[in-house]
Amino acid sequence: MSRVQLAPTKLLFDESKPEIISEETPSGVKLIEAPYMWDLGYKGKGVVIAVLDSGCDVNHPDLKGRIIGGYNFTIEGEGEHDYMDYHWHGTHVAGTIAASENHEGIVGVAPEASLLILKVLMRKNCSSTDGSIGFTEWVTKAIRYALSWRGPSGERVKIISMSIVNESEDDTVRAMHEAIQDAVKQDVLVVACAGNSGGDCGPENDEKSYPGYYSEVVSVASVALDKTMPCRSTNSNIDLVAPGEMILSTFPGGGTQMASGCSMAVPHISGAAALLVNQFEKDFGRSPTENELYAQIIKHTYPLGNDKREEGNGLLILKGTSNSC
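The number of helices and strands found in the protein is 8 helices and 16 strands. Within the protein, contacts between residues separated by at least 24 positions form 74% of all contacts whose residues are at least 6 apart in sequence.

Here is the structure:
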């Protein structure tokens, strides 16, 4: 059976700041100009984002009001309805997407979006520090679950967010690809990580990981808060970059913590997509197709001057619609 894992990330413990008492807008959320969209009235309300990861701390004060449902596809926990995060990765990702405005902790990119938590990763070696791993079959089942899921008021998933990687392609990965293709056909945007391998620290070689390398996926690479490129995966299918280094977000137990990696970049795009759905719905009176939503995302990118295999179309900036700095 083929395995997927979280895109390798570095958790950055700051003993002087284990948690934040008053609410803070993280630097990555500011960098992509999410507050500009909030001022226009777009905060992700009514948009459901399926988060395929290690689960979520469902009791976290910044997240419990955002979770609309969930399912556990792993063998960890107390059954299918236990999608608690026993690692930390899924909680961190969820916070960047949609941590609530509640005057404590942090605020996410789309603080009024709804999260469908689909647990496809579990702790490796029963440790919260050894990484997280799952089977590709779980991911495929979760994607198809997201497509068939309906909320209490008939809500449907509009965005699937996956900060996971598989470094090789086999029949189980190809089955996941078919599920992704079906999602796109149903106008569901799929956002995934470009990868963290970065062995040569340059664009000379395609460093492929799946599902991020598939053309149907919005493939996201990481950029530092000072807009420099870290030594991570490069390839010809990267669509854009988002903040992924030294990212402050929610952490199991009710606090916050910093982490770095492509995994942290993906949720910035997933949350931003929800804001753009809101804007499109107001402008056109209907929900965007997957192609239209992708076009809106790319319309808000700004080249940073790096090789296209490093940054794709550039950095997402929600304020303005020009493709130049």
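Here the narrative resumes, following the displayed structure.
Once that is clear, we can look at the state of the cysteines. Scanning the entire structure with this criterion turns up 1 disulfide. Each sulfur in the disulfide pair Cys193 and Cys262 lies 2.2 Å from the other. Of the two residues, Cys193 is situated in strand β10 (residues 189-193) and Cys262 in helix α6 (residues 262-284); the sequence distance between them amounts to 69 residues. In terms of burial, Cys193 and Cys262 fall into one category: buried.

One pass over the structure, following the stated rule, counts 8 aromatic pairs. On the numbers, 5.0 Å between centres and 85 degrees between planes, the contact of Phe135 with Trp138 is edge-to-face. Since its relative accessible area comes to 17%, Phe135 is described here as buried. Ring plane angle 45 degrees and centroid distance 5.0 Å describe the contact between Tyr210 and Tyr214, whose orientation is recorded as tilted. Take Tyr210: its relative accessible area is 8%, and that puts it in the buried class. Through a chain of ring-to-ring contacts, the aromatic side chains of Tyr71, Phe73 and Tyr145 assemble into a single cluster.

The subject of this paragraph is the environment of Val93. Residue placement: Val93 occurs in helix α3 (residues 89-98). For the pair Val93 and Leu52, spaced 41 residues apart in sequence, the C-alpha separation works out to 9.7 Å. In this view, Val93 contacts Val51, Asp53, Ser163, Ser263 and Pro267; residues no more than four positions away in its chain are not counted.

Within the secondary structure layout, Gln279 lies in helix α6. Those residues in contact with Gln279, other than ones at most four positions away along the chain, are Met37, Leu40 and Tyr42.

All right, on to the nonpolar core then. Ile49, Leu115, Val220, Ile269 and Leu318 are the most contacted members of the largest nonpolar core, which totals 46 residues. Leave out the neighbours within four places in its chain, and Leu318 touches Ile32, Glu33, Ala34, Tyr36, Met37, Ala272, Leu275, Leu276 and His300. Judged by nonpolar contacts, the second largest core, of 35 residues, contains Val120, Phe135, Val190 and Tyr213.

Remark: α3 packs on α6, axes separated minimally by 8 Å, with the N-to-C direction vectors making an angle of 35 degrees. The crossing of α3 and α6 is right-handed. Between α3 and α6, the contacting residues are His89, His92, Val93, Thr96 and Ile97 on the first element and Ser263, Met264, Pro267, His268, Ser270 and Gly271 on the second.

With omega at 15 degrees, the peptide bond leading from Tyr210 into Pro211 counts as cis. One can find Pro211 in the loop between β10 and β11 (218-223). The phi angle at Lys227 is positive, at roughly 70 degrees, despite the residue not being glycine. In this structure, Lys227 sits in the loop between β11 and β12 (240-243). What makes Lys227 partly exposed here is its relative accessible area of 41%.

Where helix α4 (residues 136-148) meets helix α5 (residues 171-185), the closest approach of the two axes is 9 Å, and the angle between their N-to-C directions is 15 degrees. Taken together, α4 and α5 sit at an angle that is classed as roughly parallel. Between α4 and α5 lies a crossing whose hand is left-handed. Judged by residue contacts, Thr136, Glu137, Val139, Thr140, Ile143, Arg144 and Leu147 of α4 engage Thr172, Val173, Ala175, Met176, Glu178, Ala179, Ile180, Asp182 and Ala183 from α5.

Rules behind the numbers
- Residues numbered from 1 in each chain as written.
- Predicted model: local features only at pLDDT ≥ 70, side-chain atom pairs only at ≥ 80, totals over all residues.
- Heavy atoms only, no water.
- Helix = DSSP H or I, 4+ residues; strand = E, 2+ residues; numbered from the N terminus.
- Contact = heavy atoms within 4.5 Å.
- Disulfide = S-S within 2.5 Å.
- Buried < 20%, exposed > 50% of the residue type's maximum accessible area, 1.4 Å probe, protein only.
- Phe/Tyr/Trp six-rings, centres within 6.5 Å; stacked < 30°, edge-to-face > 60°.
- Core = buried A, V, L, I, M, F, W, Y, C linked by side-chain atoms within 4.5 Å.
- Axes fitted to C-alpha atoms, helices over the stretch in contact; angles between N-to-C directions.
- Left-handed = near helix turned anticlockwise from the far one by under 90°.
- Parallel < 35°, antiparallel > 145°, perpendicular 65-115°, else oblique.

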